[in-house]
Amino acid sequence: MNKKAMVITYGCQMNVNDSAKIKAQLTKQGYEITENLKDSDLVFINTCTVREGASKKVYGKLGELKTLKKTKKDMIVGVTGCLAQEKKDEILKRAPHVNLVLGNQNIYQIPEYLSKLENDEIKHVVLVDNEDELPPRLDADFDSNFSGCVSITYGCDNFCTYCIVPYVRGRERSVPVKDIITDINNLLKKGYKEIILLGQNVNSYGKGLTNGENFAKLLKEISKIEGKFRLRFMSPHPKDFTDDVIESIIADERISRNIHLPLQAGSTSVLKKMNRGYTKEDYLKLVEKLRSKIKNIALTTDIIVGFPYETEEDFKDTLDVVEKARYENAYMFMYSKRDETPAATMEKQVSEAEKKDRLQRLIEVQTRITKEESNKYLNKEIEILVEGLSPRNKEMYIGRTDSNKVVIFKGDETLIGKFATVKINEANTWTLYGELI
Ligand code: SAH
Ligand code: SF4
Ligand code: F3S
């Protein structure tokens, strides 16, 4: 019988992408991938530390594994990802049953160290290099057969003062255009219909390359690839959203009109303390420009409430931008202190009660806007990419619009992974309901 391995993923799309690479390597090592922890001979936890809640979840899971390992002594436990990068010593102290701690840059070494562990040559490995080099290209086994990711940059140089990512993902580096094109072509050849370009700040792509490459040119190069597919990218930074990027988007309708444009805060003084590189006015001007130039644009965003020094007036600026930008969806967070980041030691931290109150109020406003924007889809005929059976109602299928809205409709399994057109006849806040036409 095959040995079984489970990969548990926390955090963002970068981790989802790295987990797909880990799974591909484990499969090559003879493991069968399982979703059942109790069946597993090997468990890999791919961790996140962007907020305190994210790291707490990881420690909770490690505790669960400790109990499980009492009855499954031979089980190998590996930890990688951003918390491993940040807190390797603490992980080993709190969870001595962990066999393998690997940094974000070390996942390509999994086969080498796994063999040593399996052969009892070693008991523990800790390898956390934070080299600022491009990691070697690795195959990936995505959970989906039609939606796949391609990393175009690694790391981040922006050092937003609240954010730990630059410390755990290293300096920003760009993947050469030809490698990105090869990866995309390979996915398309396998029948993938949606390609997601990944980076912490995709529109600063090319900064470190000496041949004048930039994000707008990369998009143009990808546009030369023929065929029908959807291209998404995550996340662009408002400060780097140049006109030529807008032109590249306009020129190719296969590029998703869902632009994720992280706001973080609406107040210029808070944005300055966050080191975001734009003002409230710059941001609103960009939104206006995007809306006037790109038809059917669907904006989404990330917002933090309760950053140090944020007053009620500052928070009202956030609400004001939210009202004006009219996002279809927003990821909203309470500010969470991260060790070593400049904001963690800023005076005037906002109280937990205040943060909770602001988050609640922000969610209320955004939920109303999401519902209002959702209503705009009513009676429209819209193309969706069909993902599979709806998890809630097994008779119904689920698809996604170009703008990334979920549509539930009555279909059949031959449509999975294909484009279809539906007419929307009901619009809830988060979900649309439609029928095939
Ligand atoms: N590089 C991406 C996102 C990185 S992290 C970008 O710049 O858009 C994802 C989101 O987590 C951020 O956009 C931010 O809203 C949130 N985040 C990051 N650090 C945080 C912190 N210390 N507390 C609360 N939210 C945080
Ligand atoms: Fe963090 Fe800012 Fe970089 Fe995004 S751009 S990863 S928020 S430092
Ligand atoms: Fe988390 Fe690392 Fe992503 S900290 S959000 S997994 S880059």
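Residues numbered from 1 in each chain as written. Chains lettered and ligands numbered in written order. Predicted model: local features only at pLDDT ≥ 70, side-chain atom pairs only at ≥ 80, totals over all residues. Heavy atoms only, no water.

(A) Representation of the UniProt feature "domain: Radical SAM core" (unreviewed entry) in the protein. Mapped onto the present numbering, the UniProt feature "domain: Radical SAM core" (unreviewed entry) falls at residues 142-372. A distance of 34 Å separates the end C-alpha atoms of residues 142-372, which is 40% helix and 16% strand. (UniProt positions renumbered as here; feature names shortened; annotations may be inferred. Helix = DSSP H or I, 4+ residues; strand = E, 2+ residues; numbered from the N terminus.)

(B) Structural detail: the environment of Asp18. Relative to the elements of secondary structure, Asp18 occurs in helix H1 (residues 13-28). Residue class for Asp18 comes out buried when judged on its relative accessible area of 7%. Taking the C-alpha atoms as reference points, Asp18 and Asp412, 394 residues apart in sequence, are found 32 Å from one another. Contacts of Asp18, omitting those with residues within four sequence positions, involve Asn46, Asn104, Ile107 and Arg169. (Buried < 20%, exposed > 50% of the residue type's maximum accessible area, 1.4 Å probe, protein only. Contact = heavy atoms within 4.5 Å.)

(C) Representation of the nonpolar core in the model. Within the largest apolar cluster, 76 residues are counted, with the highest numbers of intra-cluster contacts made by Ile195, Leu197, Phe215 and Ile222. The element that contributes the greatest number of residues to this core is helix H7 (residues 177-189), accounting for six residues. Counting only domains with at least three residues in this core, you end up with domain 2 (144-256) and domain 3 (260-377). Every residue in contact with Ile222, bar those within four places of it in the chain, is listed here: Ile180, Ile181, Ile184, Leu197, Phe229, Leu231 and Arg254. Counting residues in each nonpolar core, the second largest holds 22 residues, with Met6, Ile8, Ala54 and Ala95 among its members. (Core = buried A, V, L, I, M, F, W, Y, C linked by side-chain atoms within 4.5 Å. Domains from an automatic or database assignment.)

(D) Just empty space enclosed by the protein, in detail. What the rule picks out here adds up to two cavities of 30 Å³ or more. The calculated volume of the largest cavity comes to roughly 130 Å³. What lines the largest cavity is a set of 13 residues, among which Asp18, Asn104, Gln105, Pro135 and Tyr154 lie closest to the centre. Taken together, the residues of the lining of the largest cavity sort by class into six nonpolar, three polar and four charged. Looking at the second largest cavity, the residues that line it are Met14, Asp18, Ser151, Thr153, Tyr154, Gly155, Arg169, Gly199 and Gln200. Elements supplying a minimum of two residues to the lining of the second largest cavity: H1 and strand E8 (153-154). Looking at the lining of the second largest cavity residue by residue, the class counts come to two nonpolar, five polar and two charged. (1 Å grid on protein atoms, 1.4 Å probe; cavity = no way out; pocket = protein on both sides within 12 Å on 5 of 7 lines; lining within 4 Å. Points joined across faces, edges and corners; volume = space filled by probe spheres on them. Nonpolar A, V, L, I, M, F, W, Y, C, P; charged D, E, K, R; others polar.)

(E) Geometry of the packing of aromatic side chains. In this structure the tally under the stated criterion is seven aromatic pairs. Seen from their ring centres, Tyr162 and Phe307 are 6.3 Å apart, and the 85° between their planes marks the pair as edge-to-face. Here Phe307 lies in the loop between strand E13 (298-305) and helix H12 (312-325) and Tyr162 lies in the loop between E8 and helix H6 (165-169), a separation of 145 residues in the sequence. Each member of the pair, Tyr162 as well as Phe307, carries the same accessibility label: buried. Seen in terms of ring centroids, Tyr397 and Phe409 are 6.5 Å apart; in terms of plane orientation they differ by 45°. Their pairing is tilted. Placement of the pair is Tyr397 in strand E16 (residues 397-401) and Phe409 in strand E17 (residues 406-409), with a sequence separation of 12 residues. Both residues of the pair, Tyr397 and Phe409, count as buried. Here the aromatic cluster, defined as three or more aromatic residues joined through ring pairs, consists of Tyr162, Phe307 and Tyr335. A cation over an aromatic ring shows up here: Lys3 above the ring of Tyr31, its NZ or CZ 4.4 Å from the ring centre. Arg94 extends its terminal NZ or CZ atom over the ring of Tyr59, reaching a point 3.7 Å from the ring centre. (Phe/Tyr/Trp six-rings, centres within 6.5 Å; stacked < 30°, edge-to-face > 60°. Lys NZ or Arg CZ within 6 Å of the ring centre and 35° of its normal.)

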